[in-house]
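# Chains, contacts and geometry: an overview
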Amino acid sequence: MKLVYVFDAYCGWSHGFSGTLGEVVSRHPDVPVEVVSGGLFTGPRRVPVREFGYVQGANAQIAELTGAEFGAAYEGLIADGSFVMDSEVAARGIAALRQAAPARAAELAAALQHAFYVEGLSLSDPATYRKVAEAAGLDADAVVAAFEGPGVRVAAGADFHRAASLGVTGFPTLLAVNGDRVTVLARGHATADEVDRRLATLRTP
């Protein structure tokens, strides 16, 4: 069995789920985790953030429910309103980080969301991936080169296809996959204890 975490780097609810995911991963070090980018802001949804009038209200709800932090630099981006969230580019970045350290994909996904939601860094900027890679002790030059190369474009497209093939329509979604059996452990929000209870039912003979 493995866990499959389908999220979007520009999804506030995914940012709110980072703490739960980290706790689940730490409790189950023997269970591999596959991280898949979902593609929330692609195509016609790649527009200035001011066009999403619900963002600030949703963030307040996320912070209250999950304790997630939304930093002043990020709040400045939202207030300005001109920033464009591009999930395809962010998915390329996730792919570049995942390629550098596959076993740490969940940790790196959370770090990337921290870079945006707390530090206000663009996930379309190679410098953001350099910073995240350096903080994680990875080869930052290799990560940036991968981010700017053609391979991660293919990987991003494969992620979007994988999310769709799993039937995921909302982010974040945490799945348990065992062969052909796919079980939803969490969708949107859940505590680590809630995830554990659902996992326990799968492990009961």
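Residues numbered from 1 in each chain as written. Predicted model: local features only at pLDDT ≥ 70, side-chain atom pairs only at ≥ 80, totals over all residues. Heavy atoms only, no water.

### Describing helix 5 (residues 105-117)
For helix 5, spanning 13 residues, the distance from its first C-alpha to its last is 18 Å, which sits close to the expected 18 Å at 1.5 Å a residue. Residues of helix 5 that are buried: Ala 105, Ala 106, Leu 108, Ala 109, Leu 112, Gln 113, Ala 115, Phe 116 and Tyr 117. Buried positions along helix 5 lie against strand 1 (2-7), helix 1 (12-27), strand 2 (33-37), helix 3 (72-80), helix 4 (87-100) and helix 6 (126-135). (Helix = DSSP H or I, 4+ residues; strand = E, 2+ residues; numbered from the N terminus. Expected span 1.5 Å × (residues − 1). Buried < 20%, exposed > 50% of the residue type's maximum accessible area, 1.4 Å probe, protein only. Contact = heavy atoms within 4.5 Å.)

### Concerning the pattern of salt bridges
By the definition in use, this model includes eleven salt bridges. For the salt bridge of Glu 34 with Arg 162, the shortest nitrogen-to-oxygen distance reads 2.9 Å. Placement of Glu 34 in strand 2 and of Arg 162 in helix 8 (residues 151-165) is noted, with a sequence separation of 128 residues between them. With relative accessibility at 22%, the residue Glu 34 sits in the partly exposed group. Among the residues examined, Arg 162 registers a relative accessible area of 26% and is labelled partly exposed. Here Arg 130 ties to Asp 141 by a salt bridge, and the two come within 2.8 Å at their closest N and O atoms. On the criterion of sequence distance, the pair formed by Arg 130 in helix 6 and Asp 141 in helix 7 (residues 140-148) is long-range, its members being eleven residues apart. Put simply, Glu 23, Arg 27, Asp 193 and Asp 196 are held in one network by salt bridges that share partners. (Salt bridge = Lys/Arg side-chain N within 4 Å of Asp/Glu carboxyl O.)

### Some points on the packing of aromatic side chains
Enumeration over the complete set of coordinates arrives at 13 aromatic pairs. Each ring, one from Phe 70 and one from Tyr 74, has its centre 5.7 Å from the other, and the planes form 40 degrees; the classification is tilted. Counting every residue linked through ring pairs, the aromatic cluster contains Tyr 10, Phe 70, Tyr 74, Phe 83, Phe 116 and Tyr 117. Over the ring of Phe 147 we find Arg 92, and its NZ or CZ is 5.5 Å from the ring centre. (Phe/Tyr/Trp six-rings, centres within 6.5 Å; stacked < 30°, edge-to-face > 60°. Lys NZ or Arg CZ within 6 Å of the ring centre and 35° of its normal.)

Scope: geometric values only; no functional claims are made or implied.
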